[in-house]
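Given next are the chains, with one letter for each unit.
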Amino acid sequence: CRPAKQISYPGVTVGLLHLTRPTGFLLVLLLPLLALLLIRRDGWRRCTLYLGRALGSFGLITLPWHFYLARTYGNLELLPSSTSGENLYKGNTPELDGIYPLADLDLFNPYIWDYTSGMDEVEKNRWLIQKGREFIREDPGRTLRRMAVKFGAFYSPVYTPCGYGRLDKL
């Protein structure tokens with residue numbers, strides 16, 4: 001937990017992982033845990049400096065990209081891509097209750113394309129974020145249940161989705 005005078009390599013590594021794969025952001029949670037593990041040896045002050053450098057390094061790596069996305073799409077995104085609206089929508093739409101983790105949520109993409117046809121990328125992302133937030137407000141319990149299922153599927157030793165299929169329009 002020795003605070004270096006240069007950039008923190010764990011912070012840079014987590015930043016690059018976040019930019020490479022959106023779920024890399026979850027590794028940011030490991031930085032404070034790592035600092036907490038080292039408190040006994042180096043004390044609070046040094047570990048706080050370590051954590052600050054690690055989080056600062058993460059920010060130096062990721063913020064330019066997030067500012068670009070904010071300028072392009074009109075809002076600051078947590079995910080390092082333009083698909084945050086699509087993911088928020090798919091993760092919270094009541095139409096997908098019961099299919100995950102049995103089938104891949106990407107099967108729903110043609111329906112999303114029907115809903116957003118004629119919109120440019122920015123309009124589409126904004127509309128999907130708005131609708132995703134509406135779904136969350138309608139039933140926060142459903143959102144929490146889905147978060148638990150997705151968390152379990154993400155860390156499951158069993159391959160998910162569990163099956164294959166297609167969604168037919170009625």
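Look above for the structure.
In this report, we go over the structure that sits alongside the text.

### Some thoughts on a nonpolar patch on the surface
And step 1. Residues Leu26, Leu29, Phe151, Phe154 and Tyr155 make up a contiguous nonpolar surface patch of about 560 Å² in total accessible area.
And step 2. With respect to the helices and strands, phenylalanine 154 occurs in helix 7 (residues 140-154).

### A word on the packing of aromatic side chains
And step 1. Within the structure shown, the criterion is met by seven aromatic pairs.
And step 2. Note on tyrosine 115 and tryptophan 127: the rings are 6.4 Å apart at their centroids and 50° apart in plane angle, and the pair reads as tilted. In this pair, tyrosine 115 is assigned in helix 5 (residues 109-115) and tryptophan 127 in helix 6 (residues 121-138), connecting sequence segments twelve residues apart.
And step 3. An aromatic cluster is built from Tyr89, Phe108, Tyr111, Tyr115, Trp127 and Phe135, whose rings are joined through pairwise contacts.

### Examining the nonpolar core
And step 1. If you look at the biggest cluster of nonpolar residues, it comprises nine residues: Tyr89, Leu96, Ile99, Leu105, Phe108, Tyr111, Ile112, Leu128 and Phe135.
And step 2. Of all the elements in the fold, those that place two or more residues in this core are helix 5 and helix 6.
And step 3. Other than its neighbours up to four places away in sequence, leucine 128 contacts Gly85, Glu86, Tyr89, Ile112 and Thr116.
And step 4. Grouped together as the second largest cluster of nonpolar side chains are five residues, Val28, Leu31, Ala54 and Phe58 included.

About the cut-offs
Residues numbered from 1 in each chain as written. Predicted model: local features only at pLDDT ≥ 70, side-chain atom pairs only at ≥ 80, totals over all residues. Heavy atoms only, no water. Patch = residues over 30% accessible without salt bridge, like charges linked within 9 Å, V, L, I, M, F, W, Y side chains within 5 Å. Areas by Shrake-Rupley, 256 points an atom, 1.4 Å probe, with all protein chains shown as cover. Salt bridge = Lys/Arg side-chain N within 4 Å of Asp/Glu carboxyl O. Helix = DSSP H or I, 4+ residues; strand = E, 2+ residues; numbered from the N terminus. Phe/Tyr/Trp six-rings, centres within 6.5 Å; stacked < 30°, edge-to-face > 60°. Core = buried A, V, L, I, M, F, W, Y, C linked by side-chain atoms within 4.5 Å. Buried < 20%, exposed > 50% of the residue type's maximum accessible area, 1.4 Å probe, protein only. Contact = heavy atoms within 4.5 Å.

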